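One-letter residues, chain by chain:
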Amino acid sequence: MQIAADAGAPTVTAISPTGGPLAGGTAVLITGTAFFTGATVTIGGALATSVVRKNATSITAVTPSGTTKAKDVVVTVSGQSGTGSRLYTYAAAPLERRRWTKPSNTPTVTTPIDTAATSTTVPGTVILSTYTSGSLSNVNLTVAQNVGDAAVTVTQVTELVADAPGTSITLRNAALPAVSVQIPDATTILAPAGWNGIINPPSAGSSSGTVPSGFSLGGTVVEVGSSTAVLLFDREVTIVLTGVTGTVGYRSAGSSTWVVISPCGGGGPVFPGSCSTSDGTSTTIRTYHFTTFAGLIAVGGGDESGGGDESGGGGGASAPAATASTLTPTSASITAGGAMTQLLTVTAKDSRGTNLTSGRAIVTITKSSGTGTISAVTDVGNGTYTAVVTSPTTPGSGVFVATLNGAAVTSGSTSQTQATVTYAALASCTSSVGPGIAPPTSVPSGIPGFHAAWYGQSGYMTLCPGETATATVAMYNSGSRGWVSGVMGEVAYLGTSNPSPGQDQPSTFGGDGTLGSPNTGWPQYNRVASQPAAYVGPNQVAWFQFSVKAPTTPGTYGFHIRPLIEGALWMEDYGIFWQITVPEPSSPGA
């Protein structure tokens with residue numbers, strides 16, 4: 001009788017093949033010594049299946065699923081293990097070459113492009129940690145991209161080319177003649193693992209789901225791309241909805257929540273988002289993603305086409321009249337300092353002074369004299385149009401006027417309405433940070449898997465309106481697995497949490513400038529900071545630092561965060577927060 005322990009611990013010297021797809025399922029041959037009956041195999045800590053001992057020096061097995069990184073191969077016999085360090089590498093499998101055959105002007109999926117999370121020497125490989133292509137620059141695609149409440153993890157990267165170089169790829173459906181989709185030539189599709197490689201032309205979409213507050217779903221609901229996966233693009237694509245001129249929204253594949261698409265204003269969308277423009281007869285959605293899109297109806301208003309508005313009295317459709325429409329407020333005062341803002345609003349009315357629920361108009365709000373800056377006009381979609389005045393750094397005033405369809409807005413008078421914004425001298429205010437909060441006397445340790453424990457933080461803040469400060473929090477790795485920077489499923493982040501601003505929600509205290517968040521250098525609007533070291537092992541402490549920006553409105557605010565392993569799970573602690581106080585400034589000289 002032969003006993004495995006008599007021969008000593010097993011050793012692992014090689015594996016063939018040395019790599020395979022992220023999904024696993026690859027048959028491998030492992031060679032080494034002291035392989036005996038009852039041996040088990042793990043690759044990257046996950047158990048392999050179909051393990052068969054051929055002899056004392058070779059074992060066959062089928063790989064488990066994994067993440068993009070070189071993994072250890074471990075053979076265990078009778079409680080003794082041998083390890084082959086970093087012998088097996090997972091990589092995203094390339095797409096097959098495909099041709100999409102409907103309708104005409106067919107795009108072609110070109111030669112496959114492999115994907116990688118970190119630096120590689122394989123020619124033609126796309127580096128997902130600093131993805132640069134099309135109109136995107138240094139986007140970290142190893143982090144899930146949030147489209148509404150859908151988190152899209154890119155595992156497939158494929159380029160589309162038109163039959164005629166330099167021409168857009170047009171997707172149409174004869175059953176939906178009012179919908180047209182344009183994809184620029186040489187656009188790259190960034191897709192999750194569930195995508196089947198087929199781009200569906202526009203079709204009637206489902207009206208199910210929760211509509212944003214203040215809206216109901218219109219009659220135009222269009223699904224494009226894929227019904228099961230959110231497709232991302234490295235170039236801006238367009239969807240034209242003829243006859244829709246009001247507010248539009250989208251619902252991500254697999255989601256039940258509709259999201260309002262903001263007007264484009266003076267710029268375009270920010271990856272991976274979208275924005276919309278209207279010319280009075282149709283709406284163009286400029287977007288970096290495909291999913292389900294729809295017209296939205298303001299509750300109590302007209303339909304999503306902007307037509308059929310009832311003016312009252314006669315019951316017929318009325319056009320907006322500049323002489324009756326209003327610009328408000330006509331006077332306001334905000335603090336100078338370069339950060340305070342004032343909202344100006346044009347309300348569209350007909351010739352009888354009745355508010356129109358959909359303006360069907362082209363509105364400008366511009367500065368006629370003085371100082372201060374003004375944003376592009378936003379069509380709110382309910383017959384009102386807004387622009388934001390931002391104060392200069394020195395006291396003074398600015399005078400602003402508006403036009404509707406090229407005519408001066410007079411608010412019912414004979415002369416053009418002027419909105420005067422006064423910039424008062426900046427009141428005195430001093431920012432401060434309270435004493436740091438010491439770590440607890442003891443923390444848990446060695447919990448199996450990924451875990452974290454709060455280990456101290458910088459103090460609560462008193463910040464002047466619009467001021468920025470640096471916050472620091474220490475997180476103790478109380479689990480058995482290390483945190484690995486840049487590796488999806490292993491990298492630690494701080495994310496926004498409950499109750500304010502809410503888990504995975506954008507915050508007024510910081511962000512990357514998207515979804516209404518200020519740009520304070522966060523990795524994303526809902527990711528506050530990433531781990532500062534390349535590797536944080538069990539029982540080690542990571543010191544996360546990030547910037548927060550105070551609101552412009554005085555008050556006491558709570559800002560909550562929570563650690564997570566991106567793409568895997570949220571970790572403890574549930575109660576990490578800062579109290580941020582924005583004081584009422586005192587008068588100059590007080």
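Basis of the calculations
In this numbering scheme, every chain counts its residues from 1 along its sequence in written order. Only residues with pLDDT of at least 70 get local features here, since the model is predicted, and only at 80 or more are side-chain atom pairs given and counted; chain-wide, interface and lining totals rely on the full set of residues. As a rule here, side-chain values cover all heavy atoms of the structure and leave hydrogens and water aside. Secondary structure elements follow DSSP: runs of H or I of four or more residues count as helices, runs of E of two or more count as strands, with numbering from the N terminus. Each residue is assigned to one of three classes by its accessible area relative to the maximum for its type, calculated with a 1.4 Å probe on protein chains only: buried under 20%, partly exposed between the two thresholds, exposed over 50%. Residues count as neighbours in contact if any of their non-hydrogen atoms are within 4.5 Å of one another. Per-residue and other accessible areas follow the Shrake-Rupley method at a 1.4 Å probe size, with only the shown protein chains counted as cover for residues. For two strands to pair, DSSP has to find at least two bridges joining them. Buried residues of nine kinds, namely Ala, Val, Leu, Ile, Met, Phe, Trp, Tyr and Cys, make up a nonpolar core once their side-chain atoms join them within 4.5 Å. In what follows, a disulfide is any cysteine sulfur pair within 2.5 Å. Each salt bridge in this description consists of a side-chain nitrogen of Lys or Arg and a carboxyl oxygen of Asp or Glu lying within 4 Å of one another.

> What should I look at first to understand the overall build of the protein chain in this one?
Counting its regular elements, the protein chain contains zero helices and 50 strands. Taking all 590 residues of the protein chain together, 45% fall into the buried category. Of the contacts made within the protein chain by residues no fewer than 6 positions apart, 66% connect residues no fewer than 24 positions apart. Entry remark: accessible area of the protein chain is about 25100 Å², with carbon and sulfur atoms responsible for 53%.

> Would you take a moment to explain the sheet that holds strand β25 (residues 259-260) for this structure?
The strands making up a sheet associate through hydrogen bonds between their backbones, and the pairing can be parallel or antiparallel. What the five strands build is an open sheet, ordered β21-β22-β28-β24-β25; its pairing is antiparallel. In the strand order of this sheet, the two ends are held by β21 (200-204) and β25, each with one partner. Here strand β22 (residues 215-225) runs beside strand β28 (residues 292-298); their pairing, made up of six bridges, is antiparallel. Bridge pairing links Val 222 to Phe 293 in β28.

> Please clarify how the nonpolar core should be interpreted in this entry.
Across soluble globular proteins, you tend to see nonpolar side chains buried next to one another. With 42 residues, the main nonpolar core has Leu 190, Ile 239 and Phe 290 as its most contacted residues. Considering every element that reaches this core, the biggest residue donor is strand β23 (residues 231-242), with six residues. Every residue in contact with Leu 190, bar those within four places of it in the chain, is listed here: Tyr 131, Leu 136, Leu 141, Val 154, Gln 156, Val 157, Leu 231, Leu 232, Phe 233, Asp 234 and Phe 271.

> Sorry, what's going on with the state of the cysteines here?
Working definition of a disulfide: a covalent bond connecting the sulfur atoms of two cysteines. Counted under the stated rule, the structure contains one disulfide. Two residues share a disulfide in this structure: Cys 264 and Cys 275, whose sulfurs sit 2.0 Å from each other. Judged by the sign of its S-S torsion, about 90 degrees, the cystine formed by Cys 264 and Cys 275 is right-handed. Within this pair, whereas Cys 264 is found in the loop between β25 and β26 (274-278), its partner Cys 275 is found in strand β26, the two being separated by eleven residues in sequence. In this structure, Cys 264 and Cys 275 share a single accessibility class: buried.

> Any chance you could explain the side chain of Ser 458 here in plain terms?
Residue position: Ser 458 is located in the loop between β40 (453-457) and β41 (461-462). We classify Ser 458 as buried; its relative accessible area is 16%. Setting aside residues up to four positions removed in sequence, Ser 458 forms contacts with Gly 436, Ile 437, Thr 470, Ala 471, Thr 472 and Trp 578.

> I would appreciate a short explanation of the environment of Thr 345 in the present structure.
Position of Thr 345 among the secondary structure elements: in strand β31 (residues 341-347). By relative accessible area, Thr 345 is classed as buried at 17%. Considering only alpha carbons, one finds Thr 345 and Tyr 385, 40 residues apart in sequence, at a separation of 5.6 Å. Among all residues touching Thr 345, those that are not within four sequence positions of it are Thr 326, Leu 327, Thr 328, Thr 384, Tyr 385 and Thr 386.

> Is there a simple way to think about the pattern of salt bridges in this case?
Pairs can form between side chains of opposite charge whenever their charged atoms are close. What the rule picks out here adds up to five salt bridges. Among the ionic pairs, Glu 490 bridges to Lys 71, the shortest N-O distance being 3.0 Å. Residue Glu 490 is located in the loop between β43 (483-484) and β44 (492-496), and its partner Lys 71 is located in strand β8 (residues 70-77); the two are separated by 419 residues in the primary sequence. Here Glu 490 falls in the buried class, since its relative accessible area comes to 7%. With its nearest N and O atoms 2.6 Å apart, the salt bridge here joins Arg 527 to Glu 566. Taken together, the residues span a long stretch of sequence, with Arg 527 in strand β45 (residues 527-530) and Glu 566 in the loop between β48 (555-565) and β49 (569-570) at a distance of 39 residues.

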